[in-house]
Amino acid sequence: MAIPSHTPAPQGELQRGLSNRHIQLIAIGGAIGTGLFMGSGKTISLAGPSILFVYAIIGFMIFFVLRAMGELLLSNLNYKSFADFATDLLGPMAGFFVGWSYWFTWVVIGVADVIAITNYVHFWWPDLPAWIPAIALIVALLLLNLPSVKNFGEIEFWFAMIKIVAIIALIIVGIGMVVVGFTSPEGHQAQVSNIWNDGGLFPFGVTGFLAGFQLALFAFLGAELVGTAAAETKDPTKTLPRAINAVPIRIILFYVLTIAVILMVTPWRSIPSDQSPFVEMFTLAGLGVAASVVNFVVLTSATSSANSGVFSTSRMLYGLAEEGSAPKSFGKLSSAGVPRNALFLTAVLMLFGLVLLYSGESAMAAFELVTTVAAVLAIFNWSMMVIAYLVYRKKFPERHAASLYKVPGGVASMYLVLVFFAAMLVLLASFEDTRNALFAMPLWFIILGIGWFAVRNSPTRIAGYKRFKEDMQREVNL
């Protein structure tokens, strides 16, 4: 049953401990991912300045996905996550696949964050064994998330605040460098024309432009986190629309403008593909202290992303356990309403980042591998959201008519998004760096298929699905 926003959740259920300021900053934190800080150097090396258009296009499409998610979540306040509306609208098998795939997405993102954090720490201590920062991160995240969901909200609030202040500062400093014509020790002068004066906006043609989409797509993973947090938001009817509507402005500020400033200060061919361009911008400019400060910022950003992953996976696994699609032990809550067992499982799985690093892969090679897997999973999850919306429009036209938060462009915009995602899969299959990881992904869905046939007729899952359908009908928000 939905928890009214004006009353506390009873013990034994997820708590609505997130306020408007929490959800707004969680949305911003989700919009500024590890892919932007660590992966943008690689995307710039592949696409050149056309990466600005890549980020803008992806952001445009993700906005439509979030609007569809927002309308669906607000059409029935009993939906705790998009796995719920996938189950309700597309059936229990779809909900099973979406729930487990989203869980796995954030596990993979957590692995990527461990790799990124290890790389950032090596900026200061290059000889430090990789397992030390990895273990320290995981222990810290457990200690921070076990007390309560409000604790998670406070952590994300300050992590996101650090990102925002740092990015705004970077933009101001970068623009200042351009205005005064700053020249680095290597002889690079900061100027607006650096964006296009070395091969134009598309120096590698269409091929290079298309190659930039894979890691750029990963940078947007987490944008949907605001929906996962909906079950623990005090007033979703106000906070969700505010957070989603601000996405276009955030994309322009945090992606397009930020990368544009970096390209103005540092000629794009001078940006190393295996390092964060945020750090390299100040390093190349000879500002070593500033580079350390920015490295701290990108370190906290990766920690923030990992923190979001711990939150998301634990809540999704809790929901799966509640409906009988996961072991019962993951459906148990602490006295503070936190799914403690699910948190511990996520922490253990994040250690696979160390396995990749010690397998002989470079940090960037390992990062590219896991980001491709995460991107494919995200395309699946986002596509299922869109398909659920299309079914909702046919199945519940009265809810759509009564909705105060309709998707711009309606059904047509949803088909546009699906075509875009199909094109992204074709692109991932076209490049050697991403092809192997893409072709390995069917194995995940085969595993899910086996899992579904193993649990679909179990008494626990059938009873859980029956309770779920009853709850969905109790209090529909029209």
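Residues numbered from 1 in each chain as written. Predicted model: local features only at pLDDT ≥ 70, side-chain atom pairs only at ≥ 80, totals over all residues. Heavy atoms only, no water.

Re the packing of aromatic side chains
Here the distance between the centres and the angle between the planes together describe a pair of aromatic rings. Overall, the coordinates contain 21 aromatic pairs when judged by the stated rule. Taken together, a centroid distance of 5.6 Å and an interplanar angle of 45° make the contact between Tyr389 and Tyr392 tilted. Separated by three residues within a single helix, Tyr389 and Tyr392 lie in helix 18 (residues 363–395), roughly one turn from each other. Assigned by exposure class, Tyr389 and Tyr392 land together as buried. One aromatic cluster is present, formed by Phe53, Phe202, Phe209, Phe213, Trp382, Phe420 and Phe421 through successive ring pairs. Against the face of Tyr405 rests Arg67, its NZ or CZ located 4.0 Å from the ring centre. (Phe/Tyr/Trp six-rings, centres within 6.5 Å; stacked < 30°, edge-to-face > 60°. Helix = DSSP H or I, 4+ residues; strand = E, 2+ residues; numbered from the N terminus. Buried < 20%, exposed > 50% of the residue type's maximum accessible area, 1.4 Å probe, protein only. Lys NZ or Arg CZ within 6 Å of the ring centre and 35° of its normal.)

Considerations on the packing of helix 7 (residues 131–145) against helix 16 (residues 340–349)
Relative to each other, helix 7 and helix 16 sit at 165°, their axes nearing to 10 Å. Considering their axes alone, helix 7 and helix 16 lie roughly antiparallel with respect to each other. Crossing hand, helix 7 versus helix 16: right-handed. Contacts from Ile138, Leu142 and Asn145 of helix 7 reach helix 16 at Leu343, Phe344 and Ala347. Tallied by class, the residues present in the contact of helix 7 with helix 16 amount to five nonpolar, one polar and no charged. (Axes fitted to C-alpha atoms, helices over the stretch in contact; angles between N-to-C directions. Parallel < 35°, antiparallel > 145°, perpendicular 65-115°, else oblique. Left-handed = near helix turned anticlockwise from the far one by under 90°. Contact = heavy atoms within 4.5 Å. Nonpolar A, V, L, I, M, F, W, Y, C, P; charged D, E, K, R; others polar.)

Quick word on the environment of Gln214
Inspection of the secondary structure assignment puts Gln214 in helix 10 (residues 213–218). Classification of Gln214 by relative accessible area gives buried; the value is 11%. Placed 161 residues apart in sequence, Gln214 and Ala375 show a C-alpha to C-alpha distance of 7.1 Å. What Gln214 contacts, discounting residues up to four positions off in sequence, is Glu368, Thr371, Thr372, Leu428 and Thr434.

Things to note about the confidence of the model for the protein chain
Chain-level statistics for the protein chain give a pLDDT mean of 80 and a share of 85% at 70 or above. Ranking the elements of the protein chain by mean pLDDT puts helix 1 (residues 20–31) last, at 60, and helix 20 (residues 410–430) first, at 93. Here residues 1–12 scores under 50 on pLDDT; set against residues more than four positions off or in separate chains, the count is 23 contacts. (pLDDT = per-residue confidence, 0-100.)

Quick look at the pattern of salt bridges
Per the stated rule, a full pass over the model turns up two salt bridges. Between Asp88 and Lys469 there is a salt bridge, with the nearest N and O atoms lying 2.8 Å from each other. Of the two residues, Asp88 sits in helix 5 (residues 82–90) while Lys469 sits in helix 23 (residues 459–474), which places them 381 residues apart along the sequence. A residue is classified by how much of its surface remains accessible, and Asp88, at 5% relative accessible area, is buried. Put simply, Asp198 and Arg269 hold a salt bridge, and the shortest N to O gap is 2.7 Å. With Asp198 in the loop between helix 8 (149–180) and helix 9 (205–211) and Arg269 in the loop between helix 13 (247–265) and helix 14 (277–284), this pair connects stretches of sequence that are 71 residues apart. By relative accessible area, which is 29% here, Asp198 ends up partly exposed. Of the residues examined, Arg269 reaches a relative accessible area of 49% and is grouped as partly exposed. (Salt bridge = Lys/Arg side-chain N within 4 Å of Asp/Glu carboxyl O.)

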